[in-house]
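Residue-level listing of the chains:
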Amino acid sequence: MPLPVKPIHLPDSVNYVAVFLTLECNLRCPSCINRFDLLVPESSRLSGEEWVEALNRIVCRADLPVTLQGGEPTLHPDFFRIVNGVDRATPMDLLTNLQFDLASFMGEVRPERLRRDAPYASIRVSYHPEVMGLETLVDRVLVLQRAGYSIGIWGVLHPAREGEMAAAREYCAARGVDFRTKEFLGEHNGTVHGTFRYRGACDRKGAEHVQCRTSELIIGPDGAVYRCHSDLYAGMAPVGNILDPGFRFEDRFRPCHRFGYCNPCDVKVKTDRFQSFGHTSVEILPPGACSLKRTE
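Report follows, based on the coordinates.

How each quantity is defined
Sequence order as written defines the numbering, with residues in each chain counted from 1. In view of the model being predicted, local features appear only for residues whose pLDDT reaches at least 70, and side-chain atom pairs are presented and counted only at 80 or more, with totals across whole chains, interfaces and linings using the full set of residues. The side-chain values count all of the structure's non-hydrogen atoms but skip hydrogen atoms and water molecules. Labels follow the DSSP assignment, with helices taken as runs of H or I lasting at least four residues and strands as runs of E lasting at least two, numbered in each case from the N terminus. Every helix has an expected span of 1.5 Å times one less than the residues it contains. Exposed residues in this analysis have more than 50% of their type's maximum accessible area, buried residues have under 20%, and partly exposed residues fall in between, with area computed by a 1.4 Å probe over protein chains only. Directions are taken from the helix axis to each C-beta atom, and the arc is the one they span. Detection works on a 1 Å grid of protein atoms alone, calling trapped sets that fit a 1.4 Å probe cavities and calling open sets with protein on both sides within 12 Å along at least five of seven lines pockets, with lining residues defined by an atom within 4 Å of a point. Grid points are joined across faces, edges and corners, and a volume is the space filled by probe spheres set on the points. Charged means Asp, Glu, Lys or Arg here, nonpolar means Ala, Val, Leu, Ile, Met, Phe, Trp, Tyr, Cys or Pro, and polar covers whatever is left, Gly included. Ring pairs are drawn from Phe, Tyr and Trp, using the six-membered ring of Trp, whenever the two centres fall within 6.5 Å, and their geometry is named by plane angle: stacked under 30 degrees, edge-to-face over 60, tilted for the rest.

Between its first and last C-alpha atoms helix α5 (residues 162–174) spans 19 Å; for 13 residues at 1.5 Å apiece the expected length is 18 Å, and the two agree. Residues of α5 that are buried include every one of M165, A168, Y171 and C172, and no others. Down the axis of α5, the sector holding all buried residues measures 125 degrees, keeping them to one side. Opposite its buried face, α5 presents the exposed residues G163, E170, A173 and A174, each directed more than 90 degrees away.

The following block contains the structure:
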């Protein structure tokens with residue numbers, strides 16, 4: 001007989017549920033954080049039915065949504081099936097570049113499905129000035145905003161584009177669109193930029209053995225669960241699969257032999273889901289390795 005499918009109860013320590021529907025994207029941004037290091041193309045992808053089954057197992061608190069992302073999550077052929085098939089009691093956010101058909105989206109997804117009580121928008125649109133125009137993007141955002149969707153724009157403070165981001169913030173403010181920025185994480189002119197909790201985590205100068213514990217449930221396109229973004233993008237060392245009937249989230253330290261090749265998303269100092277600054281996605285032992293680092 002098949003094993004009974006158990007609900008997945010997440011401990012209070014979990015700050016984020018990252019659902020990577022696909023790693024594919026319809027844009028090619030030169031500073032994409034997904035390409036900070038090795039990015040292995042997805043070998044398989046869960047169907048919409050499988051995603052609905054998997055995500056309906058997760059018992060989420062009202063303040064902890066499942067966040068659909070990628071790549072570009074709307075490229076999944078069953079995107080609407082997933083959004084509408086997951087239990088309405090499960091809060092849901094969406095990270096997108098908004099390069100999809102707005103009429104189809106509004107016809108399939110009700111505004112209340114992607115709206116909750118939070119200090120930031122449930123639909124978070126990424127602005128990439130090197131591949132998209134601001135005015136067109138804002139016009140598209142306003143279409144959804146006026147239709148009742150919770151939506152805002154986020155831009156990356158790349159050293160070469162800080163002026164453009166300041167201008168974008170002013171342009172959006174004048175039109176009533178929420179525009180926020182995130183710190184640039186990555187390499188520019190030979191320097192790795194970012195505010196990191198652990199010295200040397202992203203230097204790629206050599207690997208060390210550490211113990212690491214995550215505060216995120218990271219699910220790849222094939223349902224594999226990873227301890228960090230670095231493992232996700234490399235397609236290595238999954239700790240389980242969300243479709244495994246007996247899978248449960250383990251809040252514990254795990255051995256890692258790749259410290260030094262961390263992805264910036266995991267070790268940066270950032271805001272948590274309540275917008276309180278000082279959070280880091282992973283905790284790494286030994287504690288003596290801990291120090292803030294900023295490169296300009």
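From this point, the narrative continues.
Quick look at empty space enclosed by the protein now. Applying the stated criterion across every chain yields a total of one cavity of 30 Å³ or more. Computed from the structure, the largest cavity encloses a volume of approximately 140 Å³. Taken together, 16 residues line the largest cavity, and the ones lying closest to its centre are C212, C228, S230, C256 and C262. Listing elements by their share of the lining of the largest cavity, those giving two or more residues are β11 (208–214), α6 (229–234), β15 (254–259), α7 (264–267) and β18 (282–285). Ranked by residue count, the leading element in the lining of the largest cavity is β15, at three residues. Taken together, the residues of the lining of the largest cavity sort by class into ten nonpolar, two polar and four charged.

Attention now moves to the packing of aromatic side chains. Using the criterion set out here, one finds six aromatic pairs in the structure. Arranged with centres 6.3 Å apart and planes meeting at 90 degrees, the rings of F20 and Y233 form a pair that is edge-to-face. Remark: Y233 occurs in helix α6 and F20 occurs in strand β2 (residues 16–20); sequence separation between them is 213 residues. The exposure class of F20 is buried, given its relative accessible area of 1%. Between F79 and F80, the ring centres sit 5.6 Å apart and the planes meet at 65 degrees, which makes this aromatic pair edge-to-face. Owing to a relative accessible area of 3%, F79 belongs among the buried residues under this scheme. Overall, F80 belongs to the partly exposed group, its relative accessible area being 26%. Ring pairing ties together the aromatic residues F79, F80, F100, F105 and Y149, which thus form one cluster.

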